[in-house]
Amino acid sequence: MAETTETPIWNENEPAKVESWRLHILLEAGYPVHLAERLAGSEVDLHDAVELLRRGCSPTTATEILI
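Given the structure is predicted, the values throughout are model-derived calculations rather than measurements.

Chemist: Give a description of helix 1 (residues 14-29) that names residues and reports values.
Modeler: Its 16 residues give helix 1 an end-to-end C-alpha distance of 23 Å, which sits within 8% of 22 Å, the value for a rise of 1.5 Å per residue. Gly30 sits one or two residues past helix 1 and shows a positive phi near 120°.

Chemist: Hey, could you go over helix 2 (residues 33-40) for me, with residue numbers and the actual values?
Modeler: Regarding helix 2, the residues found buried are Leu35, Ala36, Leu39 and Ala40. Seen end-on, helix 2 carries its buried residues on one side only, within an arc spanning 130°. If you follow the buried residues of helix 2, they end up packed against helix 1 and helix 4 (59-66).

Chemist: Pulling in residues and values, what's your account of the packing of helix 1 against helix 2?
Modeler: At their nearest, the axes of helix 1 and helix 2 sit 9 Å apart, and the two run at 140° to each other. Classified by the angle their axes make, helix 1 and helix 2 are oblique. In this structure, helix 1 crosses over helix 2, and the sense of that crossing is right-handed. Residues Glu19, Arg22, Leu23, Leu26 and Leu27 of helix 1 lie in contact with helix 2, whose contacting residues are Val33, Ala36, Glu37, Leu39 and Ala40.

Chemist: An account of the environment of Leu53 is requested, with residue identities and associated values reported.
Modeler: By the element assignment, Leu53 lies in helix 3 (residues 46-54). Sequence separation between Leu53 and Leu26 is 27 residues; the distance between their C-alpha atoms is 9.8 Å.

Chemist: Help me get a handle on the nonpolar core, residues and values and all.
Modeler: Among the nonpolar cores identified, the biggest contains 12 residues, and these are Leu26, Tyr31, Leu35, Ala36, Leu39, Ala40, Val44, Leu46, Ala49, Leu53, Cys57 and Ala62. Those elements that provide at least two residues to this core are helix 2 and helix 3. Not counting the four nearest positions on each side in its chain, Leu46 is found in contact with Trp21, Arg22, Ile25 and Leu26.

Chemist: So, the pattern of salt bridges: which residues are in play, and what are the values?
Modeler: Evaluated as defined, the whole model comprises 3 salt bridges. Lys17 is paired through a salt bridge with Glu14; the nearest N and O atoms lie 3.5 Å apart. Of this pair, Lys17 and Glu14 both sit in helix 1, 3 residues apart, which is roughly one turn of the helix. Here Lys17 falls in the partly exposed class, since its relative accessible area comes to 48%. In this structure, Arg54 and Glu51 form a salt bridge, with 2.7 Å as the shortest nitrogen-oxygen distance. In this pair, Arg54 and Glu51 both sit in helix 3, 3 residues apart, roughly one turn of the helix. Here the salt bridges do not stand alone but share partners, grouping Glu51, Arg54 and Arg55 into one network.

What counts and how
Residues numbered from 1 in each chain as written. Predicted model: local features only at pLDDT ≥ 70, side-chain atom pairs only at ≥ 80, totals over all residues. Heavy atoms only, no water. Helix = DSSP H or I, 4+ residues; strand = E, 2+ residues; numbered from the N terminus. Expected span 1.5 Å × (residues − 1). Buried < 20%, exposed > 50% of the residue type's maximum accessible area, 1.4 Å probe, protein only. Arc of directions from axis to C-beta. Contact = heavy atoms within 4.5 Å. Axes fitted to C-alpha atoms, helices over the stretch in contact; angles between N-to-C directions. Parallel < 35°, antiparallel > 145°, perpendicular 65-115°, else oblique. Left-handed = near helix turned anticlockwise from the far one by under 90°. Core = buried A, V, L, I, M, F, W, Y, C linked by side-chain atoms within 4.5 Å. Salt bridge = Lys/Arg side-chain N within 4 Å of Asp/Glu carboxyl O.

This is how it looks when you write it as structure tokens:
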């Protein structure tokens, strides 16, 4: 008998979960909620966003650079 492999189907809630996780990381890094929400829903590289704050950039300036 041939063995079948099930391919996981992308859950429609996955993008929301990813955005929620990104929001959490950005808030922990020091972004205020309104900027973290904006960045979390974008294609911005999360590592770059966190690194800018770690290097002393203000959240507002970091957001302007990234978006």
